[in-house]
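Residue strings, one per chain:
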Amino acid sequence: MSKSHAPLMTIEGLTKIFRSGVFRPQYTVAVKDVSFTIKPGTVLSLIGESGSGKKTIGKLILKLIKPTAGHIYYKGKDITQVKDKAEIKDYYRSVQGIFQDPFATFNPLYRVDRIFDLIFISFGYDLKDKDEKIHRVLEEVNLVPERTLGKFPHQLSGGQLQRLLIARALLMDVQLLIADELISMLDASTRVGVLNLLVEICKQKGMSVLFITHDLNLGYYISDYTLIMYQGRLV
């Protein structure tokens, strides 16, 4: 684990209020004044029951939704104020998410090799050593390149797809991975293998992970630090 004392990400006073309705609007406070830090090379679990606001925090960090108040600092820069497309793309090179349903994450019309090619094209990576790098990251997540690259997503299991998502993060040299209910849709025999793989890669690469889950046991098993949420607040 990294010995650096400088936080990779700092959350300060993060608040998200959702509005519904037009003539008689109603307001739902999903996240209320949440503050915490994520250290380099560590696994931090954000644990809470359904509706506690933990998924909303993940979406806020990934800039899928905008905060009502508060700040998110990545390496000292307030990413809530970033609007330039080039800067946002640069942020996504370092911060990515793995979501609960691996089958809904990939385009079902693209084979795995095409999915990985699009990463290099979209983010402007050098295509010179593309094939070599793709083969290396697949082997790091215990997938056989020759048996994986020519497949469509529906031809792979849920565990294999989650490993592909981790491989995609390694391909982009991600420094912070938001793992949202990473293994909730996997069978029991696959869960521990995916978790152990994630922790091993985190230690080897110095990557940080925000592990979002409702399961206390999983959170304690995988984490260096844990945070508990209840009704939008850290408790």
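Our subject is the structure listed above.
Sequence positions are assigned chain by chain, starting from 1 and proceeding in written order. Only residues with pLDDT of at least 70 are given local features in this predicted model, and only at 80 or more are side-chain atom pairs given and counted; all residues enter the totals for whole chains, interfaces and linings. Side-chain descriptors were evaluated using all non-hydrogen atoms of the structure, hydrogens and water having been removed beforehand.

Engineer: Tell me about the pattern of salt bridges, and please be specific about residues and values.
Structural biologist: The rule for a salt bridge is simple: a side-chain nitrogen of Lys or Arg has to be within 4 Å of a carboxyl oxygen of Asp or Glu. Scanning all chains against the criterion turns up eight salt bridges. We note a salt bridge from Asp-90 to Arg-93, for which the minimum N-O separation is 3.5 Å. Of the two residues, Asp-90 and Arg-93 both sit in helix H2 (residues 85–94), three residues apart, roughly one turn of that helix. Only protein chains enter the calculation, and the probe is 1.4 Å; a residue is then buried if its accessible area is under 20% of its type maximum, exposed if over 50%, and partly exposed in between. Judged by relative accessible area, which is 46%, Asp-90 ranks as partly exposed. When its relative accessible area of 23% is taken as the criterion, Arg-93 is described as partly exposed. Between Glu-140 and Arg-136 there is a salt bridge, and its shortest N-O distance comes to 3.4 Å. Taken as a pair, Glu-140 and Arg-136 lie in helix H4 (residues 130–140) at a separation of four residues, close to a single helical turn. For Glu-140, a relative accessible area of 26% corresponds to the partly exposed category. By relative accessible area, Arg-136 is classed as partly exposed at 37%. Connected through salt bridges with shared partners, the residues Asp-117, Lys-130 and Asp-131 form a single ionic network. Think of it this way: any DSSP run of H or I at least four residues long counts as a helix, any run of E at least two long counts as a strand, and we number them from the N terminus.

Engineer: Tell me about the packing of helix H3 (residues 112–123) against helix H6 (residues 158–171), and name the residues and values.
Structural biologist: Two elements in contact, H3 and H6, have axes whose closest approach is 11 Å; the angle formed by their N-to-C orientations is 25°. One element, H3, and the other, H6, form an angle in the roughly parallel class. Here the hand of the crossing between H3 and H6 comes out right-handed. The segment H3 lies against H6, with Val-112, Phe-116, Ile-119 and Phe-120 engaging Leu-164, Ala-167, Arg-168 and Leu-171. Here the term charged refers only to Asp, Glu, Lys and Arg, the term nonpolar to Ala, Val, Leu, Ile, Met, Phe, Trp, Tyr, Cys and Pro, and the term polar to all other amino acids, Gly among them. For the contact of H3 with H6, a count of residues per class yields seven nonpolar, no polar and one charged. Between the N-to-C directions of two axes lies an angle of 0 to 180 degrees, each axis being a line fitted to C-alpha atoms and, for a helix, fitted only over the stretch in contact. Roughly parallel means an angle under 35 degrees; roughly antiparallel, over 145; roughly perpendicular, 65 to 115; everything else is oblique. Note on convention: the crossing is left-handed when the near helix lies turned anticlockwise from the far helix by less than a right angle, right-handed when the turn is clockwise. A contact between two residues is defined here by any heavy atoms of the two lying within 4.5 Å.

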